[in-house]
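Tertiary structure, described
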Amino acid sequence: MIWTYFKIALRRLQKSRLYTLINLVGLTMGISSCLLIGLFIINELSYDRFNKNADRIVRMTMQFGEGGKEKYATTGSKAGPQLQRTFPQVESFVRTINGTVVMKYGSQMYIEKRFLYADSAFFRTFSFQLLKGDPKTVLDAPNKVVITQSMATKYFGSSDPIGKDLSVGWYGPPKIFQVTGVVADAPENSQIKFDFIGSFSSIYASRHEEWWTANYITYLLLKNKDQLPGFQRQLDTYMKGVSRGELKLPASSPLTYNLEPMLQVHLHSPFDGLEPSGNANTVYVLGIIALLILIIACINYTNLATVQSSAKSTEIGIRKVLGAQKSQLFGQFIGESFLLTLFGLVLAVVLAIVFLPYFNQLTGKQLSFITWIHPLPILIMLALCIFIAFASGSYPAFVLSNVRLISILKSGLKLTSSGGFFRQALIVFQFAVSVCLIAATIIVVQQLSYIRHKDLGYDKDHVIVITTDDRAHQHYEALKSEIARMPGVTSVSGANAMPTSVQWGDGITADDGHGKKDLNIICLPSDVGLIKTLNMKLIAGADFNDDEFKLMDTTNKYKNFRYSFILNETAAKNLGWSPQQAIGKTVIKGAPGTVVGVIKDFHFASLKQPIGPMMLFLDTAFTNYILLKTTGQNAPATLQALQALWKERVPTMPFTYRFLDDNYNSMYDSEQKTADVFSTFSTLAILLACMGLFALSAFTTAQRAKEIGIRKVLGADVAGIVGLIAKDFLKLTLIAVIIASPLAWYLMNHWLQDFAYRININAWVFIAAGGAAILIAFVTVSFQSIKAALANPVKSLRSE
């Protein structure tokens, strides 16, 4: 009997090819979307779970300032060691800092951007797979380095790298690091990614512990995961004592640390760490979108199966006369649904595999379908298939199997008004989802446009940034002079960091008129001319000048050494000064210095963060980048001339450059990917909704063919007939717009809260989204309506 049902189902699917195709395409697209988004969600939720100690590892974040308004993911070098010495709950600590270095081995020389310094407990705390070397000793002394398997192949080929020496340079003369271990490449779902891990004892910070100078991502390994709540309370109390005593901070602005469980850092922390954090909201939204697309596909099947029921009246009547039970009829129609869903699942897997590379490009991930090739995921897919078959097929199967025999024999199978209301509700749901996605896409694109065009407080256009190190610094002044003489170059300067991401944390002291005041501040060591090169707005005082270098007297043990400082507006305000009052004031940053200028606040970090206190100080010893402003004309020739000059002056370092505006835009890659994902799946949802609407309108026009024929005979024109058929569908679309608009506003307003600087959501967004949905619905319905209106009425009335 099952084989008979199978053959009948196949024949029926072949007979109704249009509806079968629409259902099959819809289910295939819906299931493939779920599979792809499921891979993304699994990857995001699995972050750092490969660590055996993950539930005992916490990341320290730093909080200070009036009311704790200053918050950072970094700490000073003292935090980890001091907490291990003080609290028995702490088993070990790991301080990390990522750097860019010039790596040299033999004739090979590369700039490596993922050189991670870490404490010796690194491999005892985290579960990265050490392929060669002893985890207890690979990082236990200065100038030791562990390299990844990829880097071992890159530099040493098939030979054993253990014991080999690598030249590592950036600040100061190059150091020789000995390779003591080889580690497997960091998993894709790890917040800690690296190519090299150097011993933390190799750097200055390991020998000079400070609460401030917050440049380090610090992790703690607790002895017991259940100790975290109590430990956090003890830590708060302890840091209040440290703030009052050792740090001399006012009671209203103590230094404290918050402990983030490692498994919550990637999706739930507001701070980026060694890589940009994910976003739990994005994961939730993508999951909802996948579910909604699948529901839309199921709705298409439900609607089309229900409206086709009149074509099955004869078959149902005969089966009931021959004694078929309700359960048998229900099983037959559910089986038809299951068969179609099974075909859709097979095609969906193929489609998902084909489009996985595009999806990886869209999300910036390196996902693989190997995740699904396990017994549990396969069982989940089969369970999904059964669920979809029941979810989409149960209502029409229930309707068809419960119809009374006398009703079929008397007048055939008629659709009830209640069933019509149910179908209308499903159409409203489909288009409400579509309107939400359209509005969300518009708002995301608006926010990205706002970010790209916002006045940042500096000019990022036509600025070339060249990476330097200590070897290049030996030729710094000569390079500057020759670059300044190049055609098309209008200004040249240097800085420790690019203005898009300044992370040098420091502490300063000044007299605000009521006594000494300490302020933790972001600093940017820079050269003369940086303000001109970046077109920053000076609102008081003057820019640095060459004569101020003479004040940096290092003789006589720095007794006469004096800095020159330029504050931003926020820093001056936090110190109790107006911009004009700040000029000439003395600020101490290790050594005293004079405030020579105040600049308008500029964004030195992501627009997700409010602008904090920031200070430029004149010092070229820490220059990492040469910045040059160009006219923007003939950029290839300028770059070619720069490369030739670099090769001549600094042959020991590769020429590496980028454009400042590209660097700025790359900060918002995740938001751009969100926009791309929204637009892709919005289009998919709208397409599915239109396919269902197209099939329903085709059925409706076929059902009303005689009515249309009579109206044409009585003089109705094409426009009138199109309006007659389209108005019912357009009413449903309008209701969907009314329902979806406030929901979309609520969801997207919540998403925008992640940005300290954001757009206001305007009403026209929802008008545009609703108008687009109504237009799409009208075009979809009009195709069938016009076809029916142009048909010869004689054909439809022939049987009357």
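A quick note: this is a predicted structure, and the numbers were derived from the prediction, not measured.

Regarding its fold elements, the protein chain presents 26 helices and 22 strands. The buried share of the protein chain, reckoned over its 800 residues, is 52%. The long-range share in the protein chain, meaning contacts at least 24 apart out of those at least 6 apart in sequence, stands at 80%. Of the roughly 36,000 Å² that the protein chain leaves accessible, carbon and sulfur atoms contribute 59%.

Now for the confidence of the model for the protein chain. Atom-level detail of predicted coordinates should not be read off regions where pLDDT is low. A residue-level look at the protein chain finds 88% of positions with pLDDT of 70 or above and a mean pLDDT of 84. By mean pLDDT, helix α12 (residues 405-411) is the weakest element of the protein chain at 51, and strand β9 (residues 196-199) is the strongest at 98. Note on residues 411-419: pLDDT is under 50 here. Beyond four places in sequence and across chains, it has 13 contacts.

Taken as a whole and assessed by the stated rule, the structure comprises 32 aromatic pairs. Pairing F115 with F177 gives two aromatic rings, centres 5.8 Å apart and planes at 80 degrees, and the pair type is edge-to-face. Here F115, found in strand β4 (residues 108-118), pairs with F177, found in strand β8 (residues 175-183); they are 62 residues apart in sequence, far enough to count as distant. Residue F177 is classed as buried on the basis of its relative accessible area of 1%. One aromatic cluster is present, built from ring pairs that chain together F50, F122, F123, F126, F128, F194 and Y219. The ring of Y110 carries the charged tip of K154 above its face, separated from the ring centre by 4.1 Å. The side chain of K454 reaches across the aromatic face of Y757, ending 5.1 Å from its centre.

For a regular strand, side chains alternate in direction, first toward one face of the sheet and then toward the other. Where strand β3 (residues 90-105) lies against β4, nine bridges are found, and the strand directions are antiparallel. Its bridge partner being in β4, I97 is matched across the sheet by Y117. What sits between β3 and β4 in their antiparallel hairpin is a turn of two residues, with G106 showing a positive phi close to 60 degrees. Note: β4 against β9, four bridges, orientation parallel. Paired with A118 across the bridge in β9 is S199.

Moving on, we come to the pattern of salt bridges. For the structure shown, the criterion picks out 17 salt bridges. Residue R85 is joined to E209 by a salt bridge in which the shortest nitrogen-to-oxygen separation is 2.8 Å. On the criterion of sequence distance, the pair formed by R85 in helix α3 (residues 79-86) and E209 in the loop between β9 and β10 (217-222) is long-range, its members being 124 residues apart. The closest approach of N and O atoms between K154 and E112, which form a salt bridge, is 2.8 Å. Of this pair, K154 sits in helix α5 (residues 149-156) while E112 is found in strand β4, placing the two residues 42 residues apart along the sequence.

Glancing now at the side chain of Q89. For Q89, the location among the structural elements is in the loop between α3 and β3. Exposure remark for Q89: the relative accessible area of 10% places this residue in the buried category. Filtering out sequence-adjacent residues up to four positions away, Q89 remains in contact with L221, L222, K223, Q227, F231 and Q234.

The subject of this paragraph is the packing of helix α23 (residues 705-713) against helix α24 (residues 718-752). Two numbers describe how α23 lies on α24: the axes approach to 10 Å, and their chain directions differ by 150 degrees. Relative to α24, the element α23 is oriented roughly antiparallel. Crossing of α23 against α24: the hand is right-handed. Every residue of α24 that contacts α23 at E707, I708, R711 and K712 is listed here: I721, L724 and I725. Here the contact of α23 with α24 is built from residues that sort into four nonpolar, no polar and three charged.

If you check helix α25 (residues 763-790), its first and last C-alpha atoms are 39 Å apart, about what 28 residues at 1.5 Å a residue would give, namely 40 Å. At S782, α25 shows its strongest bend, of approximately 30 degrees.

By the secondary structure assignment, F602 is in the loop between β19 (591-599) and β20 (614-618). Its relative accessible area of 1% is what places F602 among the buried residues. Each C-alpha atom, one on F602 and one on G612, is 9.5 Å from the other, the two residues being 10 residues apart in sequence. Look past the residues within four positions of F602 in its chain and what remains in contact with it is L456, G457, Y458, P499, M536, I611 and M614.

Next up on the list: the environment of N792. Examined against the element boundaries, N792 turns out to sit in the loop between α25 and α26 (793-797). On a C-alpha basis, the gap between N792 and V713 in space is 9.9 Å, while along the polypeptide they are 79 residues apart.

Running from amino to carboxyl end, helix α15 (residues 476-484) crosses helix α20 (residues 635-649) at an angle of 155 degrees, the nearest separation of the two axes being 11 Å. As judged from the angle between their axes, α15 and α20 are roughly antiparallel. Where α15 crosses over α20, the handedness of that crossing is right-handed. Contacts from A478, L479, E482 and I483 of α15 reach α20 at L642, L645, W646 and R649. Broken down by class, the residue content of the contact of α15 with α20 amounts to six nonpolar, no polar and two charged.

Here the focus is unusual backbone geometry. Even without being a glycine, N143 presents a positive backbone phi close to 60 degrees. Of note, N143 is situated in the loop between β5 (130-132) and β6 (144-148). Residue N143 is classed as partly exposed on the basis of its relative accessible area, which comes to 29%. Despite not being glycine, N634 shows a phi value in the positive range, around 55 degrees. Tracing the sequence through the fold places N634 in the loop between β21 (625-630) and α20.

Moving on, we come to the pairing of strand β14 (residues 504-511). In terms of strand pairing, β14 meets strand β15 (residues 516-526) through eight bridges, oriented antiparallel. Residue pairing for β15: D511 is matched across the bridge by K516. Relative to strand β18 (residues 586-589), β14 runs antiparallel, the two being bridged by two bridges. The residue of β18 that forms the bridge with T509 is I588.

On the surface, a cluster of nonpolar side chains totalling about 800 Å² of accessible area is made up of F338, L342, V346, V350, V354, F355, Y358, I386 and F390. For the nonpolar patch, the secondary-structure elements that each account for two or more residues are α10 (326-363) and α11 (375-402). A per-element tally of the nonpolar patch places α10 first, with seven residues. Inspection of the secondary structure puts V350 in helix α10.

Basis of the calculations
Residues numbered from 1 in each chain as written. Predicted model: local features only at pLDDT ≥ 70, side-chain atom pairs only at ≥ 80, totals over all residues. Heavy atoms only, no water. Helix = DSSP H or I, 4+ residues; strand = E, 2+ residues; numbered from the N terminus. Buried < 20%, exposed > 50% of the residue type's maximum accessible area, 1.4 Å probe, protein only. Contact = heavy atoms within 4.5 Å. Areas by Shrake-Rupley, 256 points an atom, 1.4 Å probe, with all protein chains shown as cover. pLDDT = per-residue confidence, 0-100. Phe/Tyr/Trp six-rings, centres within 6.5 Å; stacked < 30°, edge-to-face > 60°. Lys NZ or Arg CZ within 6 Å of the ring centre and 35° of its normal. Pairing = 2+ DSSP bridges. Salt bridge = Lys/Arg side-chain N within 4 Å of Asp/Glu carboxyl O. Axes fitted to C-alpha atoms, helices over the stretch in contact; angles between N-to-C directions. Parallel < 35°, antiparallel > 145°, perpendicular 65-115°, else oblique. Left-handed = near helix turned anticlockwise from the far one by under 90°. Nonpolar A, V, L, I, M, F, W, Y, C, P; charged D, E, K, R; others polar. Expected span 1.5 Å × (residues − 1). Bend = angle between axes of the 7 residues up to and from the residue. Patch = residues over 30% accessible without salt bridge, like charges linked within 9 Å, V, L, I, M, F, W, Y side chains within 5 Å.

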